[in-house]
Each structure stands twice: as structure tokens, then as C-alpha cells.
Amino acid sequence: MIARIWSGESPLWRLLLPLSWLYGLVSGLIRLSYRLGLKKSWRAPVPVVVVGNLTAGGNGKTPVVIWLVEQLTRRGIRVGVVSRGYGGKADSYPLLLSESTTTAQAGDEPVLIYQRTGAPVAVSPIRSEAVQALLSEHPLQLIITDDGLQHYRLARDVEIVVIDGVRRFGNGWWLPAGPMRERASRLKSVDAIIVNGGVARPGEIPMQLRPGNAVNLLTGETRPMSELSQVVAMAGIGHPPRFFATLEQCGVTPVKTVALNDHQALSESDVSALLTEGQTLVMTEKDAVKCRRFAKANWWYLPVDAELGSDGAEQLLQKLLTLAQPR
């Protein structure tokens, strides 16, 4: 239902417009207060790059963060990542991630980034505290914040917005009548626009999510997706249909698809109940980091990697490399 409202297919969005106007007024006043200096942003001693979005729901932010970390690390830049840690509840903040950190403590996306990249990661509702915690332990040259475009308490040097190239901005209205956190005019002030899927427009950097081989949660074995049969697909991400479509592109038609809430907590009994004998579970990598400690032999996940095209991607990297050099 919410997808139909936000796309404009359902006329119910009109009933929510008063709440959207209030949301837009409050968010606009917050941003204006920082622009006028009525509220102060904290500036880190190293460059800060924000990877965020204008809409609610999954747009592909985390794969972009992973891509940036990997690309910059290969070029010799020491990179750290900070996050709000949505979905996690730590005993205290800021929390520096380690091998023993769970998704219940840090949230699924920070744990995924940490496991995929090996980069230092810290989470805190106050992102400046997460930055300071990282810098107290690591001689970093650049900080990337996963989400936080609207977190103006942290000053930033570069803003990158990730857009779902198929859904884009729906009906264009603020939450809750539409999907917008900020209006599309905000794009005029950002440094780069990355478009996940669909067709990129002039000035936008096209991106595709390329799937790899399926990975067994219990053993780490890898197999082509085409070798798995009787697949039940599970996705607890911002836009589950994207994952199910990816499986179709890999030649797999699931016997059942299960769309979960983004960041939804998972238990062994809940996940096991999705399968019957002889079936194989395939989930997103984001879900896998929540299931590894109670994984079964017939549970697999499908990793995806961001693939950015056009000269704009290289220009963005060069800009970040220049920023990361000693001042």
C-alpha cells in the first residue's frame, strides 16, 4: 500500500499532505538554522564524505559506501566509516566495531561494511562522536558516513546522493505523503548523484548492482545461483523487489518470496519456519550478517557489488583522493 501511495497510484497521498507540509517545514527550518549559523556543525580534522539519499527506503547506499572504501583503500588511502547504526542498540556510544560486534549492537549495515571491507567502523546517533572515536584509534585520512545527508550536526566536505533509477522520487512529496526526506531541488547543492539502475540522466553517474556467486552461510562454499533449486528468497532490505528481480536475472525463479521490513531482527525459529524439507533459502548479504550465528546447511546469500560507469565515477574518486592528501 505504501508503495502505491508514494508512487501516486493511490489517491490516499492527498489525505497525508498536511503532515507532509509539516515535515517539510520542520526539516527546512532545521537546515536553514545551520546555514544561518544559528546552529553549529562540528568539523572533523579530516575530510568527511556523506553518502545519503533524498528518499526513504533502500536506494543502494551501502554498496556505494563499500565501493568507495575499496577503491580508495586500493589507492593507498586510509578510510574509516561512521553510521547511525540503525536497528542496533549498544550499551554505550560511540561503538567501535570488532569481530565480536553483533548486529543487535551495531545494526546490520555497519556490520556488513566492516566484514566486507575490513575498514574501521564506528556507530553513534551523534556521528561527530563516532568520527572522534575512529580518529582516536586510527590514523585515518578520510571519513565516509553511511547515510546522514540530513544530519547537519556533522560538517561535510563532499555530499553524494544515491537515487533508485527506477522509482526515483515517486510523487515527489515529503514524508509521509511521499518518499521524500528533502525535495529534489536539494540535488543542485550536492557534489555527485549516483543512479542505481534505470537510466541515468545527464550529470548523473550510472550504477548497477552485479551479483556474484551464492555463498553458503555455514561453510563459506560458493556456487553459481543456477545450481540451487527449490529456492525460497528472503529479503529484509529497503526495497525487497530489487533482490527478487536480481535472482530472476540470475536464472532463478523462487518458489516463494518473503519480503521483510528493513533492518528487521531475525531469529533462528522465524527463518527456519520459512522453509519446508528439500527447499533452499537464499537471502541478501545484509540479512546474512544477522543469521550467521544460527545458520543451517541449506542457507545461502547472494552478494552484490556496485559497478559504477562513466567518467563521472573516476572524477569523483580523483576528487576524494585530492581531498585525502595532507593539507
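Residues numbered from 1 in each chain as written. Predicted model: local features only at pLDDT ≥ 70, side-chain atom pairs only at ≥ 80, totals over all residues. Heavy atoms only, no water.

Per an unreviewed UniProt entry, the chain is named Tetraacyldisaccharide 4'-kinase, and its organism is Yokenella regensburgei. As its UniProt record puts it under Pathway (unreviewed entry), the chain is described as follows: "Glycolipid biosynthesis; lipid IV(A) biosynthesis; lipid IV(A) from (3R)-3-hydroxytetradecanoyl-[acyl-carrier-protein] and UDP-N-acetyl-alpha-D-glucosamine: step 6/6." Looking at the Sequence similarities (unreviewed entry) heading of the UniProt record, one finds this comment for the chain: "Belongs to the LpxK family." (UniProt positions renumbered as here; feature names shortened; annotations may be inferred.)

Trainee: Honestly, the UniProt feature "transmembrane region" (unreviewed entry) in the chain in this entry has me stumped. Any pointers?
Mentor: Under the UniProt annotation, "transmembrane region" (unreviewed entry) lies at residues 12-34. Span residues 12-34 is 78% helix and 0% strand, its end C-alpha atoms 34 Å apart. (Helix = DSSP H or I, 4+ residues; strand = E, 2+ residues; numbered from the N terminus.)

Trainee: Sorry if this is basic, but what is going on with the packing of aromatic side chains here?
Mentor: Any aromatic ring pair is given by two values, namely how distant the centres are and how the planes are angled relative to each other. Evaluation of the coordinates by the stated rule reveals five aromatic pairs. Each ring, one from F294 and one from W299, has its centre 6.1 Å from the other, and the planes form 90 degrees; the classification is edge-to-face. By relative accessible area, which is 9% here, F294 ends up buried. Each residue in the set W13, W173 and W174 is aromatic and connected to the rest through ring pairs, giving one cluster. The ring of W173 is capped by R183, whose NZ or CZ atom sits 5.0 Å from the centre of that ring. Looking at R183, its charged tip hangs above the ring of W174, at a distance of 4.8 Å from the centre. (Phe/Tyr/Trp six-rings, centres within 6.5 Å; stacked < 30°, edge-to-face > 60°. Buried < 20%, exposed > 50% of the residue type's maximum accessible area, 1.4 Å probe, protein only. Lys NZ or Arg CZ within 6 Å of the ring centre and 35° of its normal.)

Trainee: Would you explain unusual backbone geometry in this entry?
Mentor: Negative phi characterises most residues that are not glycine, and trans characterises most peptide bonds. Omega for the peptide link from Y93 to P94 comes to 0 degrees, which places this bond in the cis form. Topologically, P94 is positioned in the loop between β2 (79-83) and β3 (95-96). L175 connects to P176 through a cis peptide bond whose omega is 0 degrees. By the secondary structure assignment, P176 is in the loop between β6 (158-164) and β7 (192-196). Positive phi is not limited to glycine here, since D147 has a value of about 75 degrees. One can find D147 in the loop between β5 (142-146) and β6. Unlike most non-glycine residues, Q230 shows phi in positive territory, near 50 degrees. Within the element layout of this structure, Q230 appears in the loop between β10 (222-223) and β11 (231-235). Given a relative accessible area of 44%, Q230 falls into the partly exposed group.

Trainee: Help me out: how do you make sense of the packing of helix α3 (residues 61-74) against helix α5 (residues 108-117) in this one?
Mentor: Working note: a packed helix pair is described by the angle between its axes plus the distance between those axes. The contact between α3 and α5 brings their axes to 10 Å, and the two run at 30 degrees. It follows from the interaxial angle that α3 and α5 lie roughly parallel. In this structure, α3 meets α5 at a crossing whose hand is right-handed. Side by side, α3 and α5 meet where K61, T62, V65, I66, V69 and E70 of the first sit next to E109, L112, I113, R116 and T117 of the second. Residues that form the contact of α3 with α5 fall into these classes: five nonpolar, two polar and four charged. (Axes fitted to C-alpha atoms, helices over the stretch in contact; angles between N-to-C directions. Parallel < 35°, antiparallel > 145°, perpendicular 65-115°, else oblique. Left-handed = near helix turned anticlockwise from the far one by under 90°. Contact = heavy atoms within 4.5 Å. Nonpolar A, V, L, I, M, F, W, Y, C, P; charged D, E, K, R; others polar.)

Trainee: What am I meant to see in the UniProt feature "binding site: ATP" (unreviewed entry) in the chain here?
Mentor: Residues annotated by UniProt as "binding site: ATP" (unreviewed entry) correspond here to T55, A56, G57, G58, N59, G60, K61 and T62. Following the sequence through the fold, G58 ends up in the loop between β1 (48-52) and α3. The exposure class assigned to G58 is buried, which follows from its relative accessible area of 16%. Along the polypeptide, N59 turns up in the loop between β1 and α3. Excluding anything up to four places from it in sequence, N59 contacts N53, V162, I163, D164, R167, N196 and R242. A polar contact of 2.9 Å, which involves the side chain of N59, links it to the side chain of T55. (Polar contact = N/O pair within 3.5 Å; in protein donor to acceptor, adjacent residues only side chain to side chain.)

Trainee: Would you explain the pairing of strand β8 (residues 205-211) in this entry?
Mentor: Remember that side chains alternate between the two faces of the sheet whenever the strand is regular. Note that β7 and β8 share three bridges and pair parallel. Paired with I194 across the bridge in β8 is I205. Bridge analysis of β8 against strand β15 (residues 304-308) gives five bridges, and the strand direction is antiparallel. In the sheet register, P211 faces β15, and the bridge partner there is V304. (Pairing = 2+ DSSP bridges.)

Trainee: Would you mind showing me how to read the layout of surface pockets here?
Mentor: Empty space left among the atoms is revealed by rolling a probe the size of a water molecule over them. Approximately 310 Å³ is the volume found for the second largest pocket. Residue lining of the second largest pocket: 19 residues in total, with T102, T103, A104, V289 and K290 positioned closest to the centre. Counting only elements with at least two residues in the lining of the second largest pocket, the list comes to α4 (103-106), α5 and α9 (285-291). For the lining of the second largest pocket, the element with the most residues is α5, which contributes three residues. (1 Å grid on protein atoms, 1.4 Å probe; cavity = no way out; pocket = protein on both sides within 12 Å on 5 of 7 lines; lining within 4 Å. Points joined across faces, edges and corners; volume = space filled by probe spheres on them.)

Trainee: I would appreciate a short explanation of the sheet that holds strand β12 (residues 256-259) in the present structure.
Mentor: Strands pair in a sheet through their backbones, by hydrogen bonds, and they do so in one of two ways: parallel or antiparallel. Taken together, six strands build an open sheet; the order of strands is β10-β9-β14-β13-β11-β12 and the sheet is mixed. The sheet is open, and its two borders are formed by β10 and β12, each paired with just one other strand. Where β11 and β12 come together, four bridges link them in parallel fashion. By the bridge assignment, A235 is partnered in β12 with A259. Contacts from helix α7 (residues 240-249) reach β11, β12, β13 (280-284) and β14 (299-302) within the one sheet, and its direction differs from that of β11 by about 150 degrees.

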